[in-house]
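# Tertiary structure, described
Here is how the chains run, residue by residue.
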Amino acid sequence: DQQVKQNSPSLSVQEGRISILNCDYTNSMFDYFLWYKKYPAEGPTFLISISSIKDKNEDGRFTVFLNKSAKHLSLHIVPSQPGDSAVYFCAASAKAGNNRKLIWGLGTSLAVNP
Amino acid sequence: GAVVSQHPSRVICKSGTSVKIECRSLDFQATTMFWYRQFPKKSLMLMATSNEGSKATYEQGVEKDKFLINHASLTLSTLTVTSAHPEDSSFYICSARDRVRGNTEAFFGQGTRLTVV
């Protein structure tokens, strides 16, 4: 049972335009959400996160929006650049004892075309 | 951001041998380290969580005797794939949480491509 879903396996966007990557979750206990970027044969790189007490967090070209009632979050990249081409993973966590495990989506492959 | 170094980046070994993968946090103390496995075109699968000085907690379906995890210090965790078989060939990635920054973001190593022949 996939608790974190990224329903679009791929997305293609023109350079300079906005990229919107979506993520849905089912577990209402999740209280922290993260986006990671991953290039082939490399580990993921942390991009941006949001706590469930917020509905928006912005960092430069990256903005994450959280809609708790819809159990939906999205990552906006604007303007998109060719170097943004990578696989983007959405992850969510809930406190479980002393540790927090990250539950991952399957990723969305973003291609930004020059 | 914090730096996590994973070594080796690639390893090819013969079936039946053991392989050790190291994960080091270079500029922070990692109270918790995670080991993942990624299959082609699949998401990251958490194998185990290790806390410094205690036994690792393995996810369901992961053989603890096959994937030995040691987290002997606040900056080093190792994963040993024992008696490796071709089906163990995969991309293994570690991540670490910074004790100071809190227990949310995790920083990842570069990954290790293991090929068992």
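Computed from a predicted model, the values in this text were never measured in an experiment.

Reading guide: rules and limits
- Residues numbered from 1 in each chain as written.
- Chains lettered and ligands numbered in written order.
- Predicted model: local features only at pLDDT ≥ 70, side-chain atom pairs only at ≥ 80, totals over all residues.
- Heavy atoms only, no water.
- Helix = DSSP H or I, 4+ residues; strand = E, 2+ residues; numbered from the N terminus.
- Rg over C-alpha atoms; globule rule 2.2 N^0.38 Å.
- Contact = heavy atoms within 4.5 Å.
- Lys, Arg positive; Asp, Glu negative; His and termini not counted.
- Charge placed at Lys NZ, Arg CZ, Asp CG, Glu CD.
- Buried < 20%, exposed > 50% of the residue type's maximum accessible area, 1.4 Å probe, protein only.
- Salt bridge = Lys/Arg side-chain N within 4 Å of Asp/Glu carboxyl O.
- Polar contact = N/O pair within 3.5 Å; in protein donor to acceptor, adjacent residues only side chain to side chain.
- Disulfide = S-S within 2.5 Å.
- Pairing = 2+ DSSP bridges.

## Considering the overall build of chain A
- Secondary structure summary: chain A contains 0 helices and 11 strands in total.
- In chain A, the order of α-helices and β-strands from amino to carboxyl end is β-β-β-β-β-β-β-β-β-β-β.
- For 114 residues, the compact-globule estimate of 2.2 N^0.38 gives 13 Å, and the C-alpha radius of gyration of chain A, at 14 Å, lies within 12% of that figure.
- By its C-alpha atoms, chain A is 45 × 30 × 20 Å across when sized along the principal axes.
- Counting contacts in chain A only where the partners sit at least 6 residues apart, residues at least 24 apart contribute 55% of the total.
- Of the charged side chains in chain A, 12 are positive and 9 negative; the average position of the first set lies 5 Å away from that of the second.

## Focus on the overall build of chain B
- From N to C terminus, chain B includes 0 helices and 11 strands.
- Helices and strands appear in chain B in the N-to-C order β-β-β-β-β-β-β-β-β-β-β.
- Computed over its C-alpha atoms, the radius of gyration of chain B comes to 13 Å, within 12% of the 13 Å expected for a compact globule of 117 residues.
- Principal axes of the C-alpha set define a box for chain B whose edges measure 40 × 25 × 20 Å.
- Looking at chain B residue by residue over its 117 residues, the buried ones come to 53%.

## Comments concerning the pattern of salt bridges
- Evaluation of the coordinates by the stated rule reveals 4 salt bridges over all chains.
- Residue A:E58 pairs with A:K56 through a salt bridge whose shortest N-O separation is 4.0 Å.
- Residue A:K56 is classed as partly exposed on the basis of its relative accessible area, which comes to 42%.
- With a closest N to O distance of 2.9 Å, B:D88 and B:K66 form a salt bridge.

## Some points on the interface of chain A and chain B
- At the interface, 20 residues of chain A touch 21 residues of chain B.
- Seen at the junction of chain A and chain B, the total is 4 residue pairs in polar contact (both at pLDDT 80 or more).
- Breaking the side of chain A that touches chain B down by element, the ones donating at least two residues are β4 (32-38), β5 (45-51), β9 (86-96) and β10 (99-104) of chain A.
- Counting residues per element, the side of chain A that touches chain B draws most heavily on β10(A), at 5 residues.

## Let's talk about the state of the cysteines
- The full count for this structure, using the stated rule, is 2 disulfides over all chains.
- No disulfide involves B:C13; its nearest neighbouring cysteine sulfur is the one of B:C94, lying 18 Å away.

## Some words on the pairing of strand β6 (residues 56-59) of chain A
Residues and elements named next belong to chain A.
- Examined bridge by bridge, β6 and strand β7 (residues 62-67) share 4 bridges and lie antiparallel to one another. Looking at the pairing, D59 lines up with F62 of β7.
- The loop that links β6 with its antiparallel partner β7 comprises 2 residues; one of these, G60, has a positive phi angle of about 65 degrees.

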